[in-house]
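Spelled out from the first residue to the last, the chains are:
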Amino acid sequence: MSDITKLSLNELIQNIRNKKLSSTEITNSFIERSEKSKKLNTYVTDNFSSALEAAKIFDEKPNMDLKLPGIPIAVKDLFCTNGVRTTAGSNILNNFIPPYESTVTQSMWDEGAILLGKLNCDEFAMGSSNETSFFGNVQNPIGENLVPGGSSGGSSAALAANLTPVTIGTDTGGSIRQPASFTGTVGLKPTYGSCSRYGIVAFASSLDQAGPMSQNVKDAALLLEVISKFDNKDSTSIDFKRNKYSSELTNNIKGLKIGIPNEYRVEGMPKEIEDLWKKGIEIIKDCGAEIVDISLPTTKYALPTYYIVAPAEASSNLARYDGVKYGFRSEGENLIDMYEKTRSEGFGEEVKRRILIGTYVLSSGYYDAYYLKAQKVRQLIKKDFDNVYNNVDAILTPSTPSSAFKIGEKTDDPVSMYLNDIFTVPVNLAGLPGISIPAGIDNKGFPLGLQIIGKPFDEQTILNIAYSMEEKINFKNNITDWWM
Amino acid sequence: MTIDLKTVKHISKLARISTDEKKANKLANDLNSIFKFIEALNELDTEKVEPLTSVADTKLRLREDKFEANNIRDKILKNSPDENKDYFVVPKVVE
């Protein structure tokens, strides 16, 4: 078989189970292609030789009952992997080797998957273009010198370039859905509390969620089924009855009510995005679901709220990087000097900017005006969603206000970079599940995504809607292997 | 409101990040444009709204007080930026 790396996750599993392909053959194919794709800069650390050993062990005694039998998978470098360097895209963790495994990745290995390597991301997941990574830009395989989105940019690029059959990312304000949209792939952010945060390098603890990224909706459903489970090690993990997302997947969405929020028609939105959204609405109608106009009045306050809440939590979470127990240290004249130099040299500019914003909004005299205010507005944003969910089953919006932009285009203006997440951030603030699916291309030929937002714990419904739409959209990524 | 150089230096101190004059100036500019954008929140009346700290509607669980990680002491110490194998070493704290 010549095009092993082009197969979807479900196709690979079928081939392994039918004994048409071995785990070693598959692992080899992805490694070979990854070796030829270094120009994309997707890998921070590869695990190729260990992966081949693990594949060999699997092939000697294959257990076909597992959900991911012998499947090699590369993951975002924000998940702690036991004995394999984990950097979070930061100089401050450049040499960090975790002595433990994140619950989400452990769940994948328990089901037979094999770690292929650790993928580039924005530093501490703070960014929308993968440009804040200490390990450099990632190239989007859809075209030269385009960003792959962020913060899970190495993940989206590796997936779109067929360097890994599926991957997992994390999403604090859009970091799975926006890169998926920029690379013509599928990305799902689960309900807050679905996937354990244990062993994921923390950014903003009340918003962070891990989730699957894949070539198609069926693959996303299967990977979600593996990683979504209750975990005692995460105090915010929620013990709810999870669906069998892949076997319950159906393209029958007749009678569902899908809301179209008026407030997402933001000022200056390109006509192509508006047209894409209209196309999505027609497809939903075609599938037999009903379109309902809804209002989410506090939408425009979501980004300002996010840029108080997320930096505040980050400034507190990142206080642990002090050069004492692990990570980078810069020598200083005394303890305080050591702290200040370590953090100044160890963190990149965007991370420092956010730590300072967070420190400011939490500092004495400003706490009520900023942090408390933001928490109150967050309540209003959540209530908006609660209200509309009395009348609709899910919501359809564009995933992003633009397609992939050029490397360097937005790095000088933080606010214009932040606007990338305008459609994804409200979902994190309200703790809801959301999925981005590729839905079309713009006049430059770059992919554009549509987002389906669900009720809490109702991943099955958004997967079903995405599955039905995917069938009718029939999106094909046009990737030319220009980097080889 | 505007964030001046003095404020940037003060919060840098609080956050334990050293900042030179040139960087502090650039940071002041960046922070001002970000806070200008954040100030839109003041349009909303939130007098009677309860703050939302977590969307997860759960109480913290109690668990038995026992440890599960075994024999990772050496692995943990190995990540230390100092070469010492038995302790974490920091610059002299007490004069």
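Our structure's up above, just so we're on the same page.
Conventions used here
Residues numbered from 1 in each chain as written. Chains lettered and ligands numbered in written order. Predicted model: local features only at pLDDT ≥ 70, side-chain atom pairs only at ≥ 80, totals over all residues. Pairing = 2+ DSSP bridges. Helix = DSSP H or I, 4+ residues; strand = E, 2+ residues; numbered from the N terminus. Axes fitted to C-alpha atoms, helices over the stretch in contact; angles between N-to-C directions. Contact = placed C-beta atoms within 7 Å. Core = buried A, V, L, I, M, F, W, Y, C linked by C-beta atoms within 7 Å. Buried ≥ 20, exposed ≤ 12 C-beta atoms within 10 Å, placed from the backbone. Right-handed = clockwise from strand over helix to strand, strands pointing away. Expected span 1.5 Å × (residues − 1). Nonpolar A, V, L, I, M, F, W, Y, C, P; charged D, E, K, R; others polar.

Caption draft 1: A look at the sheet that holds strand S4 (residues 166–171) of chain A. All names here are of chain A. The strand order across the open sheet built from eight strands is S4-S6-S5-S10-S11-S9-S7-S8, with neighbouring strands paired in mixed fashion. Edge positions in the open sheet fall to S4 and strand S8 (290–294), since each of these has one partner strand only. Neighbour to neighbour, the strand axes of the sheet diverge by 30 degrees on average, direction disregarded. With three bridges connecting them, strand S5 (residues 186–189) and strand S10 (residues 434–441) associate as antiparallel partners. Residue pairing for S10: Lys189 is matched across the bridge by Gly434. Helix H8 (residues 271–286) rests against strand S7 (257–261), S8, strand S9 (394–398), S10 and strand S11 (447–454) of the sheet, and its axis sits at about 150 degrees to S9.

Caption draft 2: Layout of the nonpolar core. With 155 residues, the main nonpolar core has Ile73, Ile114, Ile227, Ile308, Leu463 and Ala466 of chain A as its most contacted residues. Tallying contributions element by element places helix H9 (residues 302–317) of chain A first for this core, with nine residues. Apart from the residues lying within four places of it in its own chain, the contact partners of Ile308 of chain A are Val361, Tyr370, Tyr371 and Ala374 of chain A together with Ile38 of chain B.

Caption draft 3: Examining the pairing of S8 of chain A more closely. All names here are of chain A. Where S7 and S8 come together, five bridges link them in parallel fashion. Counterpart to Ile258 in the pairing with S8 is Ile291. The parallel pair S7 and S8 is bridged by H8, and the resulting crossover is right-handed.

Caption draft 4: Quick look at helix H15 (residues 459–473) of chain A. The first and last C-alpha atoms of H15 of chain A sit 21 Å apart over 15 residues, in line with the 21 Å expected at 1.5 Å per residue. Phi for Asn474 of chain A, located one or two positions after H15 of chain A, is positive at around 50 degrees.

Caption draft 5: A look at the pairing of S5 of chain A. Residues and elements named next belong to chain A. A two-sided burial pattern is seen for S5, the buried positions comprising Val186 and Leu188 on one face and Gly187 and Lys189 on the other. In this sheet, strand S6 (residues 209–214) lies alongside S5 in antiparallel orientation, the contact comprising two bridges. Among the inter-strand pairings, Val186 is bridged to a residue of S6, identified as Ser214.

Caption draft 6: The interface of chain A and chain B, seen in detail. Taken together, the contact pairs 55 residues of chain A with 41 residues of chain B. Counting residues per element, the ones that place at least two in the side of chain A that touches chain B are H9, helix H10 (335–346), helix H11 (349–362), helix H12 (368–388) and helix H13 (414–418) of chain A. Of the residues forming the side of chain A that touches chain B, the biggest block, ten residues, is contributed by H12 of chain A. A per-class count over the side of chain A that touches chain B returns 27 nonpolar, 17 polar and eleven charged.

Purely spatial values, then, with no claim about function.
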